[in-house]
Amino acid sequence: MPRLRKIIHIDADSFYASVETRDNPELVGRPLAVGGRADRRGVIATANYAARKFGVHSAMAASRALKLCPHLLIIPPRFEVYRAVSAQFHEIFRDYTHLIEPLSLDEAFLDVTDSEQFQGSATLIAADIRRRVQAELGLTVSAGIAPNKFLAKVASDWQKPDGMFTIAPEQVSGFVLALPVSKINGVGRVTAEKLRRMGVQTCGDLQLLALETLVQRFGKYGQRLYDVARGIDHRQVQTSRLRKSISVERTYAQDIDLMPAMIVQVDELLLELAKRFGKIADRYFPTKRVIKIKYSDFTQTTLEEAIGDSGEPWNAPAVFHRLVATAWPRGAKPVRLLGAGLRLQPRGAGELDQMNLFEDDPLEAQALR
Ligand code: TTP
Ligand code: MG
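Residue numbers restart at each chain and count upward from 1, following the sequence in its written direction. Chains and ligands are labelled by the order in which they are written, letters from A for the one and numbers from 1 for the other. Restriction of local features to residues with pLDDT of at least 70 applies here, the model being predicted, together with a cutoff of 80 or more for giving and counting side-chain atom pairs; totals for whole chains, interfaces and linings are based on all residues. Note: side-chain values were computed over all heavy atoms of the structure, leaving out hydrogens and water.

Before going further, it helps to spend a moment on the coordination of the magnesium ion (ligand 2). Metal coordination here is assigned from N, O and S atoms located within 2.8 Å of the ion, or within 3.2 Å for Na, K and Ca; omission of water means that sites may look incomplete. Taken together, D11 (OD), A12 (O) and D106 (OD) make up the full set of protein donors to the magnesium ion (ligand 2), lying 2.0 to 2.2 Å away. What the 6 donor atoms of the magnesium ion (ligand 2) show is an angle range of 84 to 177° at the metal, which sorts the shape as octahedral. Considered as a linear motif, the donors of the magnesium ion (ligand 2) on their single chain read D-A-x93-D. Of this pair, A12 sits in strand β1 (residues 7-12) while D106 sits in the loop between β5 (100-104) and β6 (107-111); the two residues are 94 residues apart in sequence, bridging distant segments of the chain. On the accessibility criterion, A12 (4% relative accessible area) is buried. A four-donor site is called tetrahedral if each angle lies between 85 and 135 degrees; a four-donor site is square planar, and a six-donor site octahedral, when trans pairs exceed 155 degrees and the remaining angles lie between 65 and 115; all other cases are labelled irregular. A run of H or I in DSSP counts as a helix once it spans at least four residues, and a run of E counts as a strand once it spans at least two, with each numbered from the N terminus. Think of it in three bands: with a 1.4 Å probe and only protein chains considered, a residue is buried below 20% of the maximum accessible area for its type, exposed above 50%, and partly exposed in between.

Strand pairing follows a simple DSSP-based rule, namely that at least 2 bridges must link the two strands. Across the sheet, 4 strands lie side by side as β9-β12-β10-β11; this open sheet has antiparallel pairing. Two strands in the sheet have a free side with no partner beyond their single neighbour: β9 (245-256) and β11 (300-306). Each strand axis lies, on average, 15° off the axis of its neighbour in the sheet, ignoring direction. The pairing of strand β10 (residues 284-295) with strand β12 (residues 335-346) spans 11 bridges and is antiparallel. Looking at β12, one finds that P286 is bridged to L344. Packed on one face of the sheet, helix α12 (residues 259-278) meets β9, β10 and β12 and runs near 150° to β9. Against the sheet, helix α13 (residues 317-327) makes contact with β10, β11 and β12, and its axis sits at roughly 35° relative to β10, the strand it touches most. To get an axis, fit a line to the C-alpha atoms, keeping to the stretch in contact for a helix; angles then go from 0 to 180 degrees between the N-to-C directions. Note on contacts: a residue pair is in contact if any heavy atoms of the two residues lie within 4.5 Å.

This brings us to the packing of helix α10 (residues 211-218) against helix α11 (residues 220-229). Closest axis-to-axis distance for the α10/α11 pair is 6 Å, and the angle between their directions is 140°. When the interaxial angle is binned, α10 and α11 end up oblique. Of the two elements, α10 crosses α11, and the hand of that crossing is right-handed. Counting all contacts with α10, which are made through L211, L214, V215 and F218, the residues of α11 involved are K220, Y221, G222, Q223, L225 and Y226. Under the scheme applied, nonpolar residues are Ala, Val, Leu, Ile, Met, Phe, Trp, Tyr, Cys and Pro; charged residues are Asp, Glu, Lys and Arg; polar residues are all the others, including Gly. A class-by-class count of the residues in the contact of α10 with α11 yields 7 nonpolar, 2 polar and 1 charged. For classification purposes, angles smaller than 35 degrees are called roughly parallel, those larger than 145 roughly antiparallel, those between 65 and 115 roughly perpendicular, and all remaining angles oblique. Crossings are sorted by hand: turned counterclockwise from the far helix by less than a right angle, the near helix makes the crossing left-handed, and turned clockwise it makes it right-handed.

Overall, mixed pairing links the 5 strands, which are arranged β5-β6-β1-β7-β8 in an open sheet. Looking at the sheet topology across the chains shown, the edges are occupied by β5 and β8 (164-166). This sheet shows a mean twist of 15° between the axes of neighbouring strands, independent of strand direction. Alignment of β1 against β6, held across 5 bridges, turns out to be antiparallel. The partner of I8 across the bridge, within β6, is L110. Contacts from helix α4 (residues 79-94) reach β1, β5, β6 and β7 (141-146), with the element oriented near 155° to β5. Its contacts with the sheet put helix α5 (residues 122-137) on β1, β6, β7 and β8, and the angle it makes with β7 is roughly 170°.

The criterion is simple. A nonpolar core is a set of buried Ala, Val, Leu, Ile, Met, Phe, Trp, Tyr and Cys residues joined through side-chain atoms within 4.5 Å. If you look at the biggest cluster of nonpolar residues, it comprises 32 residues, and the most contacted ones within it are I8, F89, L110 and I129. Mapped by element, the contributors of at least two residues to this core are β1, α1 (15-23), β2 (32-35), α4, β6, α5 and β7. Filtering out sequence-adjacent residues up to four positions away, L110 remains in contact with K6, I7, I8, I10, F93, T97, L99, I100, I129 and V237. One finds A152, L179, I184 and F218 within the second-largest nonpolar core, a separate group that totals 28 residues.

Let us now look at the packing of aromatic side chains. Aromatic rings from Phe, Tyr and Trp, with only the six-membered ring used for Trp, were paired whenever their centres fell within 6.5 Å, and each pair was classed as stacked if the ring planes differed by under 30 degrees, edge-to-face if by over 60, and tilted otherwise. The tally for this structure, following the rule as stated, stands at 11 aromatic pairs. A ring pair is formed by F165 and F175, whose centres lie 5.9 Å apart and whose planes are at 40°; its orientation type is tilted. One end of the pair, F165, is in strand β8; the other, F175, is in helix α7 (residues 172-177), with 10 residues separating them in the sequence. Exposure remark for F165: the relative accessible area of 21% places this residue in the partly exposed category. Relative accessible area serves as the criterion here: at 15%, F175 is assigned to the buried category. Pairwise contacts between aromatic rings join F15, Y16, F79, Y82, F89 and F93 into one cluster.

Its place among the elements puts D282 in the loop between α12 and β10. Taking the C-alpha atoms as reference, D282 lies 9.2 Å from P346; in sequence the two are 64 residues apart.

Surveying the vicinity of ligand 1 reveals 15 residues, the closest of which are S14, T46, Y49, R52 and D106. Within the backbone of A12, a nitrogen or oxygen atom sits 3.0 Å from an oxygen atom of ligand 1. For the purposes of these results, a polar contact is taken to be a pair of N or O atoms within 3.5 Å, where, inside protein, one atom must be able to donate a hydrogen and its partner to accept one; residues adjacent in sequence count only when each atom of the pair is a side-chain atom. Between an oxygen atom of ligand 1 and a main-chain N or O atom of S14, the distance comes to 2.7 Å. Elements supplying a minimum of two residues to the shell around ligand 1: β1, α1, β3 (44-47) and α2 (49-52). A cutoff of 4 Å decides nearness: a residue is near a molecule or strand if any of its heavy atoms lies inside that distance of it.

Moving on: the packing of α4 against α5. Two numbers describe how α4 lies on α5: the axes approach to 10 Å, and their chain directions differ by 135°. Looking at the two axes, α4 sits oblique to α5. Viewed along their axes, α4 and α5 form a crossing whose handedness is right-handed. Residue-level contacts link Q88, F89, I92 and F93 of α4 to I129, R132, V133, E136 and L137 of α5. Across the contact of α4 with α5, the residue classes tally to 6 nonpolar, 1 polar and 2 charged.

So this is what it looks like as structure tokens:
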């Protein structure tokens, strides 16, 4: 049984337009779009909710948007500002987890399975993120909370704008029954129509089709349809930046000057390191062990050693003890900080490619960003 995960999907509400309104309050309440000029065959990037009432939406020609909503105000995008806001979102997210996968400037998945705030309640964490984004950045984001990425993304759309929705693990099977297949990321107009002709409108209907039938009709995507119809999605939240190392360190209230005391501290660091590395061990393997020592006079030294294929576990305490014993005499002064770390390599490139294939969903590929 795989461990239950807690995934949050965050999606800012009418992102570009909301930033523009925030920075120019005179625009509040007006139908507003961000996009290119109608007389230059511009396209709408996004519209606020007042404009959406008139049928204005992303990727629509600006000229058509103005026909639907003649008093629509279309302003040019300020991408630098949106990028800066996006970075601010991520700063807030990082207070809850480092497992963040950005999908675009205004959208991200967060894996908060191991987050400790709010007794680990993902719903309360999401609520807190929404509260802080509002208070600190003056913007609203919607949130979806669920045991996987597919459902979290569906959920963030459920109460949009300025809303949140949780699908608890025990609610999954009931929730998907009535879920229209059009809500599945990747099911566009064509696939939806094909499914409709097969008598399928909801994930409940979709569950009645055999895997072989789906694979026959939809190729590889058939397996995906089979899974998501049941609320199953094993895709991991993938942080975009590859990690090169992981380490833990501690500064001591009192300097340590005896080797046995250092050994005790190193063992503690190893426990913490094992805990942190355990969370990413499915994606990385350690190539080197590293010890860092900062002396009382703030000079420091590090010593690293390749992890051979001796079959010894990476966290073999004896090896780290030897590293400290070798490194310490370089300064031979009391120690104010000790650190233990690992240099990392991502697991097989082939494996990573495969994961990217799963990430590749037709809808995202079509998005006009
Ligand atoms: P979305 O999150 O799809 O849209 P949104 O944030 O404007 O509205 P909401 O989430 O409330 O439905 O996209 C985020 C931003 O990306 C959007 O503000 C503008 C940009 N964008 C484009 O430039 N072109 C597009 O076709 C889409 C869909 C978005
Ligand atoms: Mg959005």
